[in-house]
Amino acid sequence: MTEDRLRALEERVAKLEARDAIVALKHRYLRACDAKDPEGFRSSFIARGAVIDYGPLGRFEDADGIAAVYRTIALEKVDEAYVVLDMHHGLHPDIRLTGPDSATGRWTLRFRQVDRRAGTESVSAIEYDDEYAVENGEWKMSACRSRILWTVTRPLADAVVTDFH
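Residues numbered from 1 in each chain as written. Predicted model: local features only at pLDDT ≥ 70, side-chain atom pairs only at ≥ 80, totals over all residues. Heavy atoms only, no water.

## A word on the overall build of the chain
Then comes step 1: Of regular secondary structure, the chain possesses three helices and eight strands.
Then comes step 2: For the chain, the succession of helices and strands along the chain, N to C, is α-α-β-β-α-β-β-β-β-β-β.
Then comes step 3: Principal-axis analysis of the C-alpha atoms places the extent of the chain at approximately 70 × 30 × 30 Å.
Then comes step 4: Out of the 165 residues in the chain, the part that is buried amounts to 37%.
Then comes step 5: Partitioning the contacts of the chain with sequence separation of at least 6, the portion at a separation of at least 24 is 55%.
Then comes step 6: Within the structure as shown, the chain displays about 9,900 Å² of accessible surface, and the carbon and sulfur contribution to it stands at 52%. (Helix = DSSP H or I, 4+ residues; strand = E, 2+ residues; numbered from the N terminus. Buried < 20%, exposed > 50% of the residue type's maximum accessible area, 1.4 Å probe, protein only. Contact = heavy atoms within 4.5 Å. Areas by Shrake-Rupley, 256 points an atom, 1.4 Å probe, with all protein chains shown as cover.)

The following block contains the structure:
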């Protein structure tokens, strides 16, 4: 194998590894959302200056702001039971490397939420537009914007919600 072909192969492998690391990052973030893991949620973003736009949840110039909102909503309990239960399923990743330490990504999110206080279940289709950067050797989100495409909300009625947290 020539040196040029070897270098090209190494570059292709590096790009595949970067894409895989970004997909794993987004999956860890989504799992942290569902697991009520505020540290895992916050650690998915760069340390300072992330641009976050979560529509109805707010716009932030740093991930600390959305992490505080997350803690308030996700960790609220009444009678020792979580008020809100979420399910995030990220699909259709479209990751584009823009440099050795930067990338963009688009995702479709299937989102389901049970709100015990409101007595409702909501199902939404949401689109994410992300930017990623390598920080301290790890891929992190540097920007995350979500756009709700549609939502169906219905009463829980006589449904029994069992929480195993």
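From this point, the discussion proceeds with the structure in view.
## A few points about the packing of aromatic side chains
Then comes step 1: Inspection of the entire model under this criterion finds six aromatic pairs.
Then comes step 2: Considering the side-chain rings of Y29 and F41, the 5.4 Å spacing of their centres and the 40° angle between planes classify their relative orientation as tilted. Remark: F41 occurs in helix α2 (residues 38–42) and Y29 occurs in helix α1 (residues 3–35); sequence separation between them is twelve residues. Taken individually, Y29 and F41 each receive the classification buried, so the pair is uniform in this respect.
Then comes step 3: On the accessibility criterion, F41 (3% relative accessible area) is buried.
Then comes step 4: Ring pairs connect the aromatic residues Y29, F41, F45, Y54, Y70 and Y128, which therefore count as one cluster.
Then comes step 5: A cation over an aromatic ring shows up here: K77 above the ring of Y82, its NZ or CZ 4.7 Å from the ring centre. (Phe/Tyr/Trp six-rings, centres within 6.5 Å; stacked < 30°, edge-to-face > 60°. Lys NZ or Arg CZ within 6 Å of the ring centre and 35° of its normal.)

## Here's the deal with the environment of T162
Then comes step 1: If you trace the backbone, T162 turns up in the segment after β8 (138–155).
Then comes step 2: A residue is classified by how much of its surface remains accessible, and T162, at 49% relative accessible area, is partly exposed.
Then comes step 3: Sequence-wise, T162 and A81 are 81 residues apart; in three dimensions their C-alpha atoms are separated by 9.4 Å.

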